[in-house]
Amino acid sequence: MADGFIGTSVKRREDAKFLTGRGNYTDDINRPGQLDAYIIRSPHPHAGLGKIDVSRALKQPGVVAVFTGADMTADGIGGLPCGWLIHNKDGSPMVEPAHPPLATGKVRHVGDPVAVVIAETHAQAKDAAELVEIAYQELPAVTDATLALKPGAPQLFDEAKNNLCYDWHLGDKAAADAAFAKASKVAKIDLINNRLIANAMEPRAALGEFNRATGEYTLYTTSQNPHVIRLLMGANVLHVPEAKLRVIAPDVGGGFGSKIYHYAEEAIVTWAAAKVNRPVKWTAERSESFMSDAQGRDHATHGELALDKDGKFLALRVSTVANLGGYLSTFATAIPTWLYATLLAGVYTTPVIYCEVKAVFTNTVPVDAYRGAGRPEASYLLERLVDVAARETGIDRAELRKRNFIPKTAFPYQTPMAVQYDSGDYPGCLDAALKASDYAGFETRRAASQKVDKLRGIGISTYIEACGIAPSAVAGALGARAGLYEVGVVRVHPTGTITVLTGTHSHGQGHETTFAQIVADALGVPMESIEVVHGDTAMIPFGMGTYGSRSLAVGGSAILKAVDKIVAKSKKIAAHLLEAAEADIEFKDGKFSVAGTDRSKTLGEIALAAYVPHNYPIETVEPGLDETAYYDPKNFTFPAGTHICEVEIDPQTGSVTVVKFTAVDDVGRVINPMIVEGQVHGGVVQGIGQALYEGCVYDASGQLVTGSFMDYCMPRADNLPAFAVGHHTTLCTHNTLGVKGCGEVGAIGSPPAVMNAVIDALKPYGITHLDMPATPEVVWRAIDSARPPRAA
Amino acid sequence: MYAFEYSRAKSVADASKAASADEEAKILAGGMTLIPTLKQRLAKPTTLIDLNGIADLVGIKRDGGNLVIGAMTRHSAVARSKDVKEMIPALAHLAELIGDPAVRNRGTIGGSIANHDPAADYPAGCLGLGATIVTSKRKIAADDFFTGMFSTALEDGEIVTAVSFPKPDKAAYMKFKNPASRYAIVGVFVAKTGNQVRVAVTGAGAGVFRSMVLEDALSKSFLPTAVEGIKIPSDGLNSDIHASAEYRAHLITVMAKRAVVACG
């Protein structure tokens, strides 16, 4: 590869427009004759849905239409589909209740869409909405997944007995039980992985348009994956063929997973636009986002780790209850199963593992992937359990981990939970992090904190995750209803400039820069001559979008495959132009030359010849220089790393402050260090947010208590210290770039590092576990009920 | 928002007259509470009467031994004012703790105390310092001004024009912030003038209140140790997902103690 592009912190080309307010987001788009859609949402967590009287609303100024679920059903509109089929322990398929875009028969969470008012202006739509009369028959509600399983709990769906969607497992129960029977020590933990709200900076929006002349629909939407939306909405919901449906995801202001799913509002505005024959736009208000964007996490877990007398892990048993919310969201079912249980070996050689998961419906907003999607849940369980084991065996926390690491020489490493890790150096990451965080000097810092009446603690997390999703056949075997390859198009224009089309989508990741870097490197051309395009299904062949840290590993690989095709074809053309044998043509630094001579042609000259094929091998080579490649990854990728967090606690108030955070991550080859660092920072902030600040709360009656930023605590810059971010690289063995993905590692590694630090700080009080978020009151109560402080 | 009329008052007299004439009208000061309320459609005023054009209401001055702050003076102005920092630095510190920079550039002392949010900071400053609230009609002692949750002694159409603060010997404000909203979960303002100690508590109850048990203890001995062992009863204190009544009761003592330390 050419010097200069790979590994260079090229400034992001996207930023100038974003920082000067020139982004083009869905809400910025206005189509001629456009109407505004206001969604009426259920104020009740659980209720029968009776008569909806829209007559008064229809008479209000500016109102063009008011639609309900009955109107959509009458038009044959289908329910929002679930994209991943999970099977029960007995092999039977999961319960798959319908998810209508507008509720029919029942509402199942506060915020459940019930009707849509379409008017000339937003204010008119909102005013008219207040006059829609809806007969609700309130029902008891349940928001806690464990409680929802109990006999007698309110039932959301007739077909889901005890609100159970599936009872799934992975691993070897008999072997695990046998190993536990022989264990010298068993460490146990019960923990909650708290529910989170994504809160991307840009709220969701959707603008539907229908062209009566051509029969074509267009949907502009805040999506991470426009082709997936076209497929799901076209095939399952609106029954519109792909050729008549264009989906455009323009600039999107953050997703974190919450913008993957096919949402009701997308189907509603697209369908409604044809009904009223005018474009229909919906933009969420922030308080609406709180009750309609898919939420994250929400697991209750019991974990047990069996150890021998030397602290070697013999077996792991995990039992999790996962909250799915009120309906099946697009990928919800895969998150607490295949993206969770398969990571339970962690970075350790634990030979036997068994995990069972019950997924449960409750009267809450649907739950689906959120930065990390299943892997933070796995890392959190493992790394907390390892710390518990360290305390109970008396073995130092770093030492216990070292004794159980998969050694650097053991790759490829087949875990007992289906996945095979390709490469990694977990001891190396830990050593680098211990050094960078001055772990050795911690006790001195603890003593200094003690002098000013503060408690200080340090926590380690050695995590691994699986991303770069995914090999299609593997995904299919596990129940995915889609492939997970990616597409790349490299189009060299006649004058030599290049357009790269990708099926991935950049909503903050910086692909326009990184992808240009890798193509500039591979073709030896300036970055300025390369344009990266994403987001429009009319322009780009079918791609699966961006999530699961897949864009560079899978999307980048597809682009490089297309580059290879460009180079191969160019060599043929060069051979003709240079009157040499194809085998004698070499390609280096943007030039095709005859080996051993100084005769060469630039890529630009080749391109011109290809589009003006006068002197050209026309018998054997087609004109044009435009190649498409699809890449289906051979495996997941497995970034790993060590995060070390130091906290200070004010025992009088319980306030926890992160005073130091060190991350050493192995994300494979680093293409743009600045972008990778930004990704790690962002993920770490979200992980600290989960551990100390964030938490979606429903009250006992099913009302969303954290319905705004007044109550849902977002971490802010002034809550956080500067982070020390470093790398310890082992290359991915199965993609050309050697990349593993970096988008989610920050959110995966950090929560257990923070909580392990909190528990370490509270050691003098004998406190062994606290659930996230460790708010001031949570910490204070633990201290208060443990007084007086015992010796460490 | 619901639709409303808007008028920009030219004087306090005009604003007061307009407000008295229409009980569904609302006064707009900084808007940091009112505008979010309107956006959430939790209020439906007929008219907004905007005070932001009345220059007389803005300013910080010394008047005898007192510090007088105009009702429309922004929090950021109070926070950086030389006069405030010299006379009552605790008040500058309090203003600096309100909200965030954007809120501080718009929010006003008059708006804050007229609203009397149970978690606002200025009520604690006014009550703790024994301030006098000057209105379009009269002067009201702080002890009489704050009457309950979101309620004050102000009559219909009566507008706060300034707040007059006597200079204490020592004062300090300690705030334990709600990490989400940055409002006070508990805020304690302690002021000592001669032998008299005033302790005002915000965030913990239905409105700002003076803690007599803490004032007694600190009058006898103005030391952190004087309040250490005091347990404030939790009955009647606020409770929500951020802090239970019990925890707030505990924080009152902690913040009071830290305020005494900060007094020097």
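Residues numbered from 1 in each chain as written. Chains lettered and ligands numbered in written order. Predicted model: local features only at pLDDT ≥ 70, side-chain atom pairs only at ≥ 80, totals over all residues. Heavy atoms only, no water.

### Re the overall build of chain A
Scanning chain A from N- to C-terminus turns up 20 helices and 28 strands. Over its C-alpha trace chain A gives a radius of gyration of 28 Å, about what one expects of a compact globule, namely 28 Å for 792 residues. By its C-alpha atoms, chain A is 90 × 75 × 50 Å across when sized along the principal axes. Every one of the 792 residues in chain A was classed for burial, and the buried ones make up 63%. (Helix = DSSP H or I, 4+ residues; strand = E, 2+ residues; numbered from the N terminus. Rg over C-alpha atoms; globule rule 2.2 N^0.38 Å. Buried < 20%, exposed > 50% of the residue type's maximum accessible area, 1.4 Å probe, protein only.)

### Side note on the sheet that holds strand β12 (residues 184-193) of chain B
Strands in a sheet are paired, the pairing made by backbone hydrogen bonds, and the direction either parallel or antiparallel. Residues and elements named next belong to chain B. Spatially, the 4 strands line up as an open sheet ordered β11-β12-β13-β14, and their pairing is antiparallel. The open sheet has two free edges, formed respectively by β11 (170-177) and β14 (209-210), since each of these has just one partner strand. Two strands pair when backbone bridges link them, and strand β13 (residues 196-202) and β14 are joined in this way by 2 bridges, in the antiparallel orientation. Each bridged residue has a counterpart across the sheet, and for V201 the counterpart in β14 is F209. (Pairing = 2+ DSSP bridges.)

### Let's talk about the interface of chain B and chain A
Every contact between the two is made by 22 residues of chain B and, on the other side, 24 residues of chain A. Between chain B and chain A lies a buried interface of about 1,900 Å² when both sides are counted; carbon and sulfur atoms form 48% of it. Looking only at chain B, the three residues that lose the most surface to chain A are B:R41, B:R182 and B:Y247, adding up to 28% of its buried area. One salt bridge in this structure joins B:E246 and A:R781, with 2.9 Å as the shortest N-O distance. Seen at the junction of chain B and chain A, the total is 14 residue pairs in polar contact (both at pLDDT 80 or more). Considering every element that reaches the side of chain B that touches chain A, the biggest residue donor is helix α12 (residues 245-263) of chain B, with 8 residues. (Contact = heavy atoms within 4.5 Å. Buried area = accessible area lost by both parts, 1.4 Å probe. Salt bridge = Lys/Arg side-chain N within 4 Å of Asp/Glu carboxyl O. Polar contact = N/O pair within 3.5 Å; in protein donor to acceptor, adjacent residues only side chain to side chain.)

### Description of the sheet that holds strand β28 (residues 723-727) of chain A
Residues and elements named next belong to chain A. Spatial strand order, β18-β26-β27-β28: 4 strands in an open sheet with mixed pairing. Each edge of the open sheet carries a strand with a single partner, namely β18 (455-464) and β28. Taking each pair of neighbouring strands and ignoring which way they run, the sheet shows an average axis angle of 15°. Pairing geometry for strand β27 (residues 655-666) and β28, over 5 bridges, is parallel. Bridge pairing in β28 places T662 opposite A724. Across the face of the sheet, helix α12 (residues 426-436) comes into contact with β18, β26 (640-650) and β27 while running at roughly 35° to β26. (Axes fitted to C-alpha atoms, helices over the stretch in contact; angles between N-to-C directions.)

### Notes on a nonpolar patch on the surface
Residue and element names in this part refer to chain B. Together, M1, F4, Y6 and I35 make up an exposed nonpolar region whose accessible area comes to about 330 Å². Position of M1 relative to the elements: it lies in the segment before β1 (5-8). Since its relative accessible area comes to 38%, M1 is described here as partly exposed. (Patch = residues over 30% accessible without salt bridge, like charges linked within 9 Å, V, L, I, M, F, W, Y side chains within 5 Å. Areas by Shrake-Rupley, 256 points an atom, 1.4 Å probe, with all protein chains shown as cover.)

### A closer look at helix α10 (residues 375-393) of chain A
All names here are of chain A. Relative to the 27 Å expected for 19 residues at 1.5 Å per residue, α10 spans 27 Å between its end C-alpha atoms, a close match to the ideal helical length. Along α10, 16 of the 19 residues are buried, which leaves the element largely enclosed by surrounding structure. Following α10 by one or two positions, G394 adopts a phi angle in the positive range, close to 80°. (Expected span 1.5 Å × (residues − 1).)

### Description of the domain arrangement of chain A
All names here are of chain A. Once the domains are mapped, chain A shows domain 1 (18-139 + 201-254 + 259-292), domain 2 (299-469 + 635-785) and domain 3 (485-631). Using C-alpha coordinates to define each centre, domain 2 is positioned 40 Å away from domain 3. Each side of the interface is counted separately: domain 2 has 20 residues, and domain 3 has 17 residues. With both chains or domains summed, domain 2 and domain 3 bury close to 1,300 Å², and 62% of this area falls on carbon and sulfur atoms. Of all residues in domain 2, I469, I671 and L737 give up the largest surface area on contact with domain 3, accounting jointly for 37% of the area buried on that side. Linking domain 2 with domain 3 are 8 residue pairs in polar contact (both at pLDDT 80 or more). Of the residues contributing to the side of domain 2 that touches domain 3, the split by class is 7 nonpolar, 9 polar and 4 charged. (Domains from an automatic or database assignment. Nonpolar A, V, L, I, M, F, W, Y, C, P; charged D, E, K, R; others polar.)

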